[in-house]
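Observations on the model geometry
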Amino acid sequence: MAAETGNFREAAEKLFISQPSITVHIHQLEESLQVKLFKREHTKISLTEEGQYFLKQATEILKKVEESKRTTQLFSKQKKTEVTVVLSPLLTETNLPHIIYQFLMEHPEYDIRIIVEDSELIDEQLLSNKAHIGIGIGKSKHSSIHAEKIISSPMQLVFPLDSQDDETGRYYELQNLFAKYPLFTGHLNEAILIEPLLQKHLSTVRLMSISQSYIVKRFVKDVLGMAFLPKSIIYKEMMEGRFNILDFDLFELPTVDLYIKYFKENDQIIPLLDKIRYSHFY
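A short tour of the structure in this document, coming up. (Residues numbered from 1 in each chain as written. Predicted model: local features only at pLDDT ≥ 70, side-chain atom pairs only at ≥ 80, totals over all residues. Heavy atoms only, no water.)

When we look at burial in helix α5 (residues 96–106), the residues that qualify are Leu-96, Ile-99, Ile-100 and Phe-103. Angularly, the buried residues of α5 cover 100° about the axis, an arc narrow enough to put them on a single face. On its buried face, α5 is in contact with β3 (81–87), β4 (110–116), β5 (133–137) and α11 (270–277). (Buried < 20%, exposed > 50% of the residue type's maximum accessible area, 1.4 Å probe, protein only. Helix = DSSP H or I, 4+ residues; strand = E, 2+ residues; numbered from the N terminus. Arc of directions from axis to C-beta. Contact = heavy atoms within 4.5 Å.)

What follows deals with the packing of α5 against α11. Remark: α5 packs on α11, axes separated minimally by 10 Å, with the N-to-C direction vectors making an angle of 135°. By the angle between their axes, α5 is oblique relative to α11. Note that α5 runs across α11; the crossing there is right-handed. Here α5 contributes Leu-96, Ile-99, Gln-102, Phe-103 and Glu-106 to the contact with α11, which in turn contributes Pro-271, Leu-272, Lys-275 and Ile-276. (Axes fitted to C-alpha atoms, helices over the stretch in contact; angles between N-to-C directions. Parallel < 35°, antiparallel > 145°, perpendicular 65-115°, else oblique. Left-handed = near helix turned anticlockwise from the far one by under 90°.)

Orientation of helix α2 (residues 8–15) relative to helix α3 (residues 19–33), taken along the N-to-C sense of each, is 110°, at an axis distance of 8 Å. Taken together, the axes of α2 and α3 are roughly perpendicular relative to one another. Within the contact between the two elements, α2 uses Phe-8, Arg-9, Ala-11, Ala-12 and Leu-15 and α3 uses Gln-19, Ile-22, Thr-23 and Ile-26. In terms of residue class, the contact of α2 with α3 is built from six nonpolar, two polar and one charged. (Nonpolar A, V, L, I, M, F, W, Y, C, P; charged D, E, K, R; others polar.)

As a further point, take the side chain of Asn-7. Turning to its location among the elements, Asn-7 is positioned in the loop between α1 (2–5) and α2. Since its relative accessible area comes to 9%, Asn-7 is described here as buried. A polar side-chain atom of Asn-7 sits 3.0 Å from the main-chain amide nitrogen of Glu-10. Beyond its immediate stretch of four places on either side in the chain, Asn-7 contacts Ala-2, Thr-43 and Ile-45. (Polar contact = N/O pair within 3.5 Å; in protein donor to acceptor, adjacent residues only side chain to side chain.)

Our next topic: the nonpolar core. Note that soluble globular proteins tend to have their nonpolar side chains buried in a common cluster. The biggest cluster of nonpolar side chains holds 55 residues, and the ones touching the most others in it are Leu-96, Ile-133, Ile-135, Leu-157, Phe-178, Leu-198 and Phe-228. Those residues in contact with Ile-135 that lie beyond four places of it in its chain are Val-85, Val-86, Leu-87, Ser-88, Leu-91, Leu-96, Ile-122, Ile-150, Tyr-259, Ile-260 and Ile-276. Core analysis: the next-biggest nonpolar cluster, separate from the first, contains 10 residues, Ala-11, Ala-12, Ile-26 and Ile-45 among them. (Core = buried A, V, L, I, M, F, W, Y, C linked by side-chain atoms within 4.5 Å.)

With that out of the way, let us pick up the packing of aromatic side chains. As enumerated under the stated definition, the model contains five aromatic pairs in all. For the pair Phe-8 and Phe-38, a centre-to-centre distance of 5.9 Å together with 75° between the ring planes defines the contact as edge-to-face. Residue Phe-8 is located in helix α2, and its partner Phe-38 is located in strand β1 (residues 38–41); the two are separated by 30 residues in the primary sequence. Accessibility expressed as a relative area gives 9% for Phe-8, which makes it buried. Phe-38 sits in the buried class, given a relative accessible area of 7%. (Phe/Tyr/Trp six-rings, centres within 6.5 Å; stacked < 30°, edge-to-face > 60°.)

A full pass over the atoms with the stated rule returns 14 salt bridges. One salt bridge connects Arg-40 with Glu-30, and the closest N-O pair in it is separated by 3.5 Å. Placement of Arg-40 in strand β1 and of Glu-30 in helix α3 is noted, with a sequence separation of 10 residues between them. The class for Arg-40 is partly exposed, based on a relative accessible area of 40%. When its relative accessible area of 5% is taken as the criterion, Glu-30 is described as buried. Residues Glu-237 and Lys-221 are paired through a salt bridge, measuring 3.3 Å at the closest nitrogen-oxygen approach. Within this pair, whereas Glu-237 is found in helix α10 (residues 231–240), its partner Lys-221 is found in helix α9 (residues 213–221), the two being separated by 16 residues in sequence. (Salt bridge = Lys/Arg side-chain N within 4 Å of Asp/Glu carboxyl O.)

Given below as structure tokens:
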């Protein structure tokens, strides 16, 4: 303002402060910079070359200060809470992704990142702070990780539809099914545990090992074999009639227990935890 008016008194009036305050501030600034900013001629003042240079620099600095205030306020308004969820591959075949999608629609202040990882490796993701929430099969092996069961899903024997299937229902002999189709295994520990029990009751069981449940489902749809799968990941196909499901009674089939796990509960994950806890899960 002093440079603009060329007069300390006028600058003081425009800034609504006393003239001595202007004089003191200019003097302190010159001492700090170790240069003369103004040439003084009685009541008139004018910038030195150094003053002209510094005025340009100071103007740019003030513009950046104002811009930083604006961008910081904008950032504060747009800042979102980030939550990382690690899921067992099994859960990608349930309605859990849809539940998370609903949560995002209800809570635009959240960003969700999903990692798909084998259930055995979920604890590691939580302990290394790479994820806030883990959902998979089985409890945690670490006492510091809290685990709560969200669903127990019974295993069911599913096999392909064929051209003779109709709405009247058709009886299938278990022995004939195992003679016709290989049994997919390897996708779940519970499925592997069934193998020796089957071999005690059936003379021939042909096995094909597949590591991922979603591949197993696809192969059953493509009439390539049959499998024991938890009800939670075939619910949609059951409703749409895409599989045959056998009422298996040779022995009691195991259940697959799904757990939601977290290293420590904090305010940012509670809304998502509650959404998953209280949603209809299948």
